Amino acid sequence: MAKKEMKESQYYESIKVVLQYLLKDKFKEIHLEITAQKKYSNILKSEITKHGYRDIIFRFLKEAAPDITGFIKDDFSSSFIVVEVKNEIIKLDNIYQIKKYADLFDAKYALLISIKEIPEEIKRLAKVIPALLSLNNWMKKIVLVHFNYENKELIDWYPENPF
């Protein structure tokens, strides 16, 4: 009997838990929530409002939202993190999708996570077009990640693990 393919949404909680575990010792505070249904907690809404006039983004997030959204804080600042999950091979359009979310949130961390291996063609394209994985601030980059669901671990980061 063939293994049944899981829906993308069935990976959200596992990925959120793995990310929280990865970040817990690196930051003073972490807040991640599943936002694929375009619902945001008051904690996240409050953090967005603290970042200047960013509350205008809610108008656009009614149409599309990252699968997981949150923020991390250290002693001096807070930064947003956006995560898009795919249960298929990463495609070029997926990169532009996460780029859109990262721009809306001015996210320091933008992760495109797939349960499939990162395609070599995408890695090669990112090498010849460096702006492909760059965000509005060249210091910020989109990171592609392969999630091994069976072992519940993030096993391949491209270009590198930002944490």
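Everything that follows concerns the structure shown earlier in this document.
Residues numbered from 1 in each chain as written. Predicted model: local features only at pLDDT ≥ 70, side-chain atom pairs only at ≥ 80, totals over all residues. Heavy atoms only, no water.

Student: What is the right way to look at the nonpolar core in this model?
Tutor: The tendency in soluble globular proteins is for nonpolar side chains to be buried as a group. Grouped together as the largest cluster of nonpolar side chains are 29 residues, with contacts concentrated most on V82, I95, F105, L133, I142 and L144. Broken down by secondary-structure element, the contributors of at least two residues to this core are α2 (42-50), α3 (57-61), β3 (78-86), α4 (92-105), β4 (109-114), α5 (120-128) and β5 (142-148). The element contributing the most residues to this core is α4, with 6 residues. Setting aside residues up to four positions removed in sequence, I142 forms contacts with I95, I98, K99, A110, L132, L133, L135, Y158 and P159. (Core = buried A, V, L, I, M, F, W, Y, C linked by side-chain atoms within 4.5 Å. Buried < 20%, exposed > 50% of the residue type's maximum accessible area, 1.4 Å probe, protein only. Helix = DSSP H or I, 4+ residues; strand = E, 2+ residues; numbered from the N terminus. Contact = heavy atoms within 4.5 Å.)

Student: Would you take a moment to explain the side chain of N148 for this structure?
Tutor: In this fold, N148 is placed in strand β5. A distance of 3.1 Å separates a polar atom in the side chain of N148 from the backbone nitrogen of E150. When neighbours within four sequence positions are excluded, N148 is seen to be in contact with E153 and I155. (Polar contact = N/O pair within 3.5 Å; in protein donor to acceptor, adjacent residues only side chain to side chain.)

Student: Just to check I follow, could you spell out α2 for this structure?
Tutor: Every α-helix carries 3.6 residues per turn, so stepping three or four residues along brings you back to the same face. When we look at burial in α2, the residues that qualify are L44, E47 and I48. Down the axis of α2, the smallest arc covering the buried residues is 100 degrees, so these residues share one side. Across from the buried face of α2, at angles greater than 90 degrees, the exposed residues are N42 and K50. Contact partners of the buried residues in α2: β1 (29-34), α3, β2 (68-73), β3 and α4. (Arc of directions from axis to C-beta.)

Student: Please clarify how the packing of aromatic side chains should be interpreted in this entry.
Tutor: Any aromatic ring pair is given by two values, namely how distant the centres are and how the planes are angled relative to each other. Per the counting criterion, the structure on display carries 7 aromatic pairs. Residues F27 and Y109 carry aromatic rings whose centres are separated by 6.3 Å and whose planes lie at 70 degrees to one another, so their mutual orientation is edge-to-face. On the criterion of sequence distance, the pair formed by F27 in the loop between α1 (12-23) and β1 and Y109 in strand β4 is long-range, its members being 82 residues apart. Each member of the pair, F27 as well as Y109, carries the same accessibility label: buried. Plain terms: the ring middles of F27 and F163 are 6.3 Å apart, the flat faces sit at 85 degrees to each other, and that makes the pair edge-to-face. Highlighted residues: F27 in the loop between α1 and β1 and F163 in the segment after β6 (153-158), separated in sequence by 136 residues. Per residue, the accessibility class of F27 equals that of F163, and both read buried. Three or more aromatic residues link up through ring pairs in this structure, and these residues are F27, Y109, W157 and F163. Just above the ring of Y149 sits the side chain of K152; from NZ or CZ to the centre is 3.5 Å. (Phe/Tyr/Trp six-rings, centres within 6.5 Å; stacked < 30°, edge-to-face > 60°. Lys NZ or Arg CZ within 6 Å of the ring centre and 35° of its normal.)

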